[in-house]
Amino acid sequence: MATLNSSNSLSSTFYLTGIPGYEEFHHWISIPFCLLYLVGIMGNCTILHIVRTDPRLHEPMYYFLAMLSLTDMGMSMPTMISLFRVLWSISREIQFNICVVQMFFIHTFSFTESSVLLAMAFDRYVAICHPLRYAIILTPRLIIKIGLAALLRSAFAMIPLLARLAFFPFCHSHILSHSYCLHQDMIRLACADTMFNIIYGLILVIVLWGMDSLGIFVSYMYILHSILRIASREGRLKALNTCASHICVVLILYVPMIGLSIVHRFAKHSSPLIHIFMAHIYLLVPPVLNPIIYSVKTKQIRQGVLHLLFPTKISSTMM
């Protein structure tokens, strides 16, 4: 009976991994991670503050940008505590229930971010192809519905996948490959038939990311067709410039996301450092770079950031 209880207790505890082979440098490695998290949180909070407080930015494009900032933080922040617990040698242990909750937030917000990028592509399509109907089509009510639909679609899609984990026995090493929990990482430790999770997870990736990326591609085909019909070269460049930030953000999300999926499915026996490197790029790069890209490429956001940093100088130049 004591052995059984010990086994059950062990099955509810997993062990996170830092940077294998570099354990003695974990405290130093934590410094750049800490800086990246701070930059990501401060950048996205700045975007949210500017959009909320500047009446000129109460437009569909900037509402979608605020949604992007929220999903960026929702995707990266659940990993922060467990990552620093490992790097600062506080504890490598994580309970099964906490692991599942962490997985839910990471995967839900990554799918939601993909949907928000599709909504932003639709916003650019309406702005360029139907500018006179822009305010009529993208009403505040529709924007709220789009945001809720993106979040609920992703959350409900994850429930069957994660609910099955509660019925799996985990009789392997209980050592996860990362400093946080991913579904792909956990199911390889299960001593059960995980075919449903593998197939369902693959279908989710194909359907959700596939539909979103196809929608983005189709939107840009219409946008490009409309831009080529603009007579002046300056007009074409101006229209393309309004899409540049969004295209960069799409690439920043999808390239690491696809890379991580490929590594987990087709490069299982590759170096653990490759898995860890790809996983951290997938979660940290979008929240860090997205606010920077929009601050540099979008005049209104750039002015809002400058006004926050130098309020007196900006006010005097505007008078």
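Residues numbered from 1 in each chain as written. Predicted model: local features only at pLDDT ≥ 70, side-chain atom pairs only at ≥ 80, totals over all residues. Heavy atoms only, no water.

The name given to the protein chain in an unreviewed UniProt entry is Olfactory receptor, with Canis lupus dingo as the source organism. Taken verbatim from the UniProt record of the protein chain, the Sequence similarities (unreviewed entry) comment is "Belongs to the G-protein coupled receptor 1 family." According to the UniProt record, the Function (unreviewed entry) comment for the protein chain reads "Putative odorant or sperm cell receptor." (UniProt positions renumbered as here; feature names shortened; annotations may be inferred.)

Trainee: Whenever I open this one, the packing of helix H10 (residues 272-297) against helix H11 (residues 299-309) confuses me. Can you help?
Mentor: Packed helices, taken two at a time, are described by the angle between their axes plus the distance between the axes. Across the interface, H10 lies against H11 with an axial gap of 5 Å and an inter-helix angle of 100 degrees. When the axis of H10 is compared with that of H11, the two are roughly perpendicular. Within the contact between the two elements, H10 uses Tyr294, Ser295, Val296 and Lys297 and H11 uses Lys299, Ile301, Arg302 and Val305. Taken together, the residues of the contact of H10 with H11 break down into four nonpolar, one polar and three charged. (Axes fitted to C-alpha atoms, helices over the stretch in contact; angles between N-to-C directions. Helix = DSSP H or I, 4+ residues; strand = E, 2+ residues; numbered from the N terminus. Parallel < 35°, antiparallel > 145°, perpendicular 65-115°, else oblique. Contact = heavy atoms within 4.5 Å. Nonpolar A, V, L, I, M, F, W, Y, C, P; charged D, E, K, R; others polar.)

Trainee: Explain the packing of aromatic side chains to me, please; I cannot follow it from the model alone.
Mentor: Two numbers describe a pair of aromatic rings. These are the distance of the centres and the angle of the planes. By the definition in use, this model includes eleven aromatic pairs. Considering the side-chain rings of Phe14 and Phe96, the 6.3 Å spacing of their centres and the 35 degrees angle between planes classify their relative orientation as tilted. Here Phe14 is found in strand E1 (residues 13-15), whereas its partner Phe96 is found in helix H4 (residues 96-129), with 82 residues between them in sequence. Neither residue differs from the other here; Phe14 and Phe96 are each classed as buried. For the ring pair Phe104 and Phe105, a centre distance of 5.9 Å and an interplane angle of 75 degrees mean the geometry is edge-to-face. Three or more aromatic residues joined by ring pairs make a cluster, and in this case those are Phe14, Phe96 and Phe170. (Phe/Tyr/Trp six-rings, centres within 6.5 Å; stacked < 30°, edge-to-face > 60°. Buried < 20%, exposed > 50% of the residue type's maximum accessible area, 1.4 Å probe, protein only.)

Trainee: Sorry, what's going on with the pattern of salt bridges here?
Mentor: Two side chains of opposite charge can pair, provided their charged atoms sit close to one another. Tallying each qualifying case throughout the model produces four salt bridges. One salt bridge in this structure joins Arg124 and Asp123, with 2.9 Å as the shortest N-O distance. Each of the two residues, Arg124 as well as Asp123, counts as buried. One salt bridge in this structure joins Arg188 and Asp185, with 2.8 Å as the shortest N-O distance. On the basis of relative accessibility, which here comes to 45%, the residue Arg188 falls in the partly exposed class. Among the residues examined, Asp185 registers a relative accessible area of 0% and is labelled buried. (Salt bridge = Lys/Arg side-chain N within 4 Å of Asp/Glu carboxyl O.)

Trainee: How should the nonpolar core be read in this particular structure?
Mentor: A general tendency of soluble globular proteins is for nonpolar side chains to be buried together. One finds Leu117, Leu165, Phe170 and Met186 to be the most contacted residues of the largest nonpolar core, which totals 75 residues. Taken together, the elements giving at least two residues each to this core come down to helix H2 (26-53), helix H3 (60-87), H4, helix H6 (140-163), helix H7 (183-187), helix H8 (195-228), helix H9 (233-266) and H10. For this core, the element with the highest residue contribution is H4, accounting for 15 residues. Once residues lying within four places of it in the same chain are set aside, the contact partners of Leu165 are Phe96, Val100, Met103, Phe170, His183, Met186, Ile187 and Asn197. Membership of the second largest hydrophobic core comes to ten residues, among which are Ile19, Ile29, Phe33 and Leu83. (Core = buried A, V, L, I, M, F, W, Y, C linked by side-chain atoms within 4.5 Å.)

Trainee: Is there a simple way to explain the confidence of the model for the protein chain in this structure?
Mentor: Parts of the prediction with low pLDDT should not have their coordinates interpreted in detail. When the pLDDT values of the protein chain are averaged, the result is 85; 91% of them are 70 or greater. Summarising per-element confidence for the protein chain, the mean pLDDT is lowest in helix H1 (residues 2-11) (39) and highest in H6 (93). Considering only residues more than four positions removed or in separate chains, one finds that residues 1-10, a stretch of pLDDT under 50, has two contacts. (pLDDT = per-residue confidence, 0-100.)

Trainee: Help me understand a nonpolar patch on the surface, please; the structure alone is not making it clear to me.
Mentor: Together, Leu214, Phe217, Val218, Met221, Tyr222, Leu224, Leu228, Leu237 and Leu240 make up an exposed nonpolar region whose accessible area comes to about 880 Å². Secondary-structure elements contributing two or more residues to the nonpolar patch are H8 and H9. A total of seven residues in the nonpolar patch trace back to one element, the largest contributor, which is H8. One can find Leu214 in helix H8. (Patch = residues over 30% accessible without salt bridge, like charges linked within 9 Å, V, L, I, M, F, W, Y side chains within 5 Å. Areas by Shrake-Rupley, 256 points an atom, 1.4 Å probe, with all protein chains shown as cover.)

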